[in-house]
Amino acid sequence: MTREITVKKQVISWVVSILVGLVIMLFPVSETFTPEIRMYLAITIGTVLLIILDVLPKMFIAIMLPTLYTVTNLAPMATSFAAYAAANLWMVLGALFLGKIMEDTGVLNRICYRLIIVMGGAFSGAVFGAFVATLVINWVTFGAGWVVALPVVLGLIKAMDLKPGKESALICFAGCAGAIDSGVAWFIPQNKVMYDSFVQLVEPEYGGVQFFTPIAYNWFTYVACVLCIVVLLWLYKRDGKKNGSQTVVAGGTKEHFQTLLDQMGKMSTDEIKALVLFVIILAGCIASTWTGLNSTYLFMIVPYLSFLPVIGFNKVAKESLRNLNFDGIFFAVSCLAIGNVGNLVGFNTWFVGLVTPMLSGKGLLFACLVMFAIIMIGNFALTPGALLASFGSPFVSIADLMGMAPVASLFLLNYAGNAIFLPHEITGYLILFGMGYWPMKDFVKGQAIKSVVYLVGFICIMFPLWKIMGLV
C-alpha cells in the first residue's frame, strides 16, 4: 500500500510539473517576451516544481537541468555548466571536505559540544548558538565566512544526533541567518565597490559607503533574524504540544553534553592538526580584506594538506573524502545555471521593463515596495550577487528620478534579496539544503515567515527611519 501511494505521488508530481511547463509554452511571445525567455521559464519552473515535490535524486536534477538548457539551445554548454568552472564549487568542496575531516577527527564535535553547553544545553539554546556562531564568523570574515560556517551548522546537527526534520531545519535556518542574512547589515568590501560605482553613475560626487553605513541603514536585519528564530521555535513547541508529544533532542541537557565532552578526553594530535587547518582558512579569509589575496585559493589548497605526511593525517582524510556528500554539492552547483542562463536570455531585462512603468506618479513607499517585489521575483532566476549586478543601475536611476537617495535603493535591493522561498535562490542556502537535513516543507515555511517579517519590518520600521534620515 505504501509503495502504491509513493508511485501515485511520483506520477502526479511529474504530470503537474510537465503540465505547468506546457502551459507556459502556450503563452504568446512578443518583441520583449521572446521564445527564449518562454522556454527558459518553462524548463526552470518545471524543474523547480520537481525539486519542491522531492521526487527525484539530487544528482539526477544536477545533470538534467543544465542539460535541458543546452539541448534546447537556450545556452551553450559553457554557460549552462559554467558554475563548475567558477570559484563557488571549489570553495564549497574544500570547506565541506575540511568540515568532514573535523567531524571525523572529533574536533568539530568538541567545538559544538562546547557551544551547546555555553548556550545552556537545551535545543533552543543550540538554535541560537548556531546563529551566534555563524554571525561571528560572518563578521570577522567581512561576509566571506558563509562557506566556513556550513561545517559548523552540520556539526551541530550531528553533535545533537538529529535526523532530517524540524529540529535540523531550525538549526539550518539559524545558521544561514547568521552566516548569510546578517551580511546585509555588515561592511562587505566587494559590495561597497558595486554600491559606489552604481551611485556615482547618477551622483559623481558621492563619497562612497563607509564602514558603519550598512549597519545604520539595515540594522533591522539582525532583529528580523532573531524574530524569525523565536517564531519558528514557538511554532515548533506548539506543534509538539498539539500532537501530544514533542520530539526531544537526545539528552538535551547541559549535563549530557558535558558528559559527552568529558568522554572525548584530551585533544588528539589529529584534532589539533584539523583545527589548525580551520584556523589558517579563517585567518586567511579575514586577512584577505587587506591583503587582496583570493580566499578561494585557501579552500582549494589548505584542506588537502591533510594528505601530506607528518603535517597531515592521511588515513582520516581518505575516509572523509570517500564519505563526502557529492550528490548535494553537484545539485547545488548545477542549480546556479538558473541565474547564468536567465541573464543570458534576457529574463531580468524583460522583467524590469515589465514592472518599471508601474512606478510612474506613485509615492516613494509604493516605489520601494515595487522594487522589493521585483527582487523577490528576480531572486527566482538570479543569485543576490547577480541581482545587485543586474538591477543596481536601474534601481539607482529610478531612485534618482523619484527623489530617493540612490544608495538607499541598493541597500533595499540587498535587504530584499534575502526574502526568498526556494533553496536555489541563494547559494549558501542551496548548499546546506543539498546536504539533506533541511526538508523542503520546513524550508519553504521558514523562508515564507522570514519574507513576511522582512516586508512588514521594512514598511513599519525601516522606511519611517529612512524618512527621518532623509533617504526617502
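Structural notes, computed from the coordinates.

The rules behind each value
- Residues numbered from 1 in each chain as written.
- Predicted model: local features only at pLDDT ≥ 70, side-chain atom pairs only at ≥ 80, totals over all residues.
- Heavy atoms only, no water.
- Helix = DSSP H or I, 4+ residues; strand = E, 2+ residues; numbered from the N terminus.
- Buried < 20%, exposed > 50% of the residue type's maximum accessible area, 1.4 Å probe, protein only.
- Contact = heavy atoms within 4.5 Å.
- Areas by Shrake-Rupley, 256 points an atom, 1.4 Å probe, with all protein chains shown as cover.
- Core = buried A, V, L, I, M, F, W, Y, C linked by side-chain atoms within 4.5 Å.
- Patch = residues over 30% accessible without salt bridge, like charges linked within 9 Å, V, L, I, M, F, W, Y side chains within 5 Å.
- Salt bridge = Lys/Arg side-chain N within 4 Å of Asp/Glu carboxyl O.
- Polar contact = N/O pair within 3.5 Å; in protein donor to acceptor, adjacent residues only side chain to side chain.
- Axes fitted to C-alpha atoms, helices over the stretch in contact; angles between N-to-C directions.
- Parallel < 35°, antiparallel > 145°, perpendicular 65-115°, else oblique.
- Left-handed = near helix turned anticlockwise from the far one by under 90°.
- Nonpolar A, V, L, I, M, F, W, Y, C, P; charged D, E, K, R; others polar.

**Things to note about the overall build of the protein chain**
Moving on, step 1. In terms of regular secondary structure, the protein chain is built from 24 helices and 0 strands.
Moving on, step 2. Residue burial in the protein chain is summarised as follows: out of 472 residues, 54% are buried.
Moving on, step 3. Across the protein chain, the fraction of contacts at a sequence separation of at least 24, relative to all contacts at a separation of at least 6, is 77%.
Moving on, step 4. As displayed, the protein chain has an accessible area near 20,100 Å², and 68% of this comes from carbon and sulfur atoms.

**Things to note about the nonpolar core**
Moving on, step 1. With 141 residues, the main nonpolar core has L96, F123, I171, M404, W438 and W466 as its most contacted residues.
Moving on, step 2. In terms of residues, this core owes the most to one element, helix 8 (residues 146–159), which gives 11 residues.
Moving on, step 3. If sequence neighbours within four positions are ignored, W466 has contacts with Y217, N218, M404, A408, F411, L412, F458, L471 and V472.
Moving on, step 4. Counting 20 residues, the second largest nonpolar core, distinct from the first, contains I37, L74, I338 and W350.

**Description of a nonpolar patch on the surface**
Moving on, step 1. A contiguous nonpolar surface patch, about 620 Å² in accessible area, is contributed by V11, W14, V15, I18, L19, L22 and F60.
Moving on, step 2. Ranked by residues supplied to the nonpolar patch, first place goes to helix 1 (residues 2–25) with 6 residues.
Moving on, step 3. Among the residues examined, L19 registers a relative accessible area of 47% and is labelled partly exposed.

**Observations regarding the environment of V118**
Moving on, step 1. If you trace the backbone, V118 turns up in helix 6 (residues 107–118).
Moving on, step 2. Since its relative accessible area comes to 62%, V118 is described here as exposed.
Moving on, step 3. For the pair V118 and G129, spaced 11 residues apart in the sequence, the C-alpha separation amounts to 8.3 Å.

**What about the side chain of S182?**
Moving on, step 1. By secondary structure assignment, the location of S182 is in the loop between helix 9 (166–179) and helix 10 (189–202).
Moving on, step 2. Since its relative accessible area comes to 0%, S182 is described here as buried.
Moving on, step 3. Discounting chain neighbours no more than four positions away, the residues touching S182 are L135, N138, A177 and Y222.

**Description of the side chain of S80**
Moving on, step 1. Of note, S80 is situated in helix 4 (residues 77–80).
Moving on, step 2. In terms of polar contacts, S80 uses its side chain to reach the side chain of T70, at 3.0 Å.
Moving on, step 3. Setting aside residues up to four positions removed in sequence, S80 forms contacts with P66, Y69, T70, A75, A337 and V341.

**Considerations on the pattern of salt bridges**
Moving on, step 1. This model, assessed by the stated rule, comprises 5 salt bridges.
Moving on, step 2. Between K450 and D181 there is a salt bridge, with the nearest N and O atoms lying 2.8 Å from each other. Remark: D181 occurs in the loop between helix 9 and helix 10 and K450 occurs in helix 24 (residues 440–468); sequence separation between them is 269 residues.
Moving on, step 3. For D181, a relative accessible area of 0% corresponds to the buried category.
Moving on, step 4. R322 is the partner of E319 in a salt bridge, and the nearest nitrogen-oxygen pair spans 2.6 Å. Within this pair, E319 and its partner R322 are both found in helix 16 (residues 314–322), separated by 3 residues, close to a single helical turn.

**Considering the environment of A179**
Moving on, step 1. If you trace the backbone, A179 turns up in helix 9.
Moving on, step 2. Between the C-alpha atoms of A179 and A133, which are 46 residues apart in sequence, the distance is 8.5 Å.

**Re helix 22 (residues 406–416)**
Moving on, step 1. The buried fraction of helix 22 amounts to 11 of the 11 residues, a majority that puts the element mostly inside the structure.
Moving on, step 2. Within helix 22 the residues assigned to the buried category are P406, V407, A408, S409, L410, F411, L412, L413, N414, Y415 and A416.

**Looking at the environment of S393**
Moving on, step 1. Among the secondary structure elements, S393 is positioned in helix 21 (residues 384–402).
Moving on, step 2. The class for S393 is partly exposed, based on a relative accessible area of 29%.

**Concerning the packing of helix 9 against helix 24**
Moving on, step 1. Contact pair helix 9 / helix 24: the axes reach a minimum separation of 10 Å and the direction vectors enclose 45°. By the angle between their axes, helix 9 is oblique relative to helix 24. For the pair helix 9 and helix 24, the sense of crossing is right-handed. Here helix 9 contributes K166, A169 and F173 to the contact with helix 24, which in turn contributes D442, G446, Q447 and K450.
Moving on, step 2. Across the contact of helix 9 with helix 24, the residue classes tally to 2 nonpolar, 2 polar and 3 charged.

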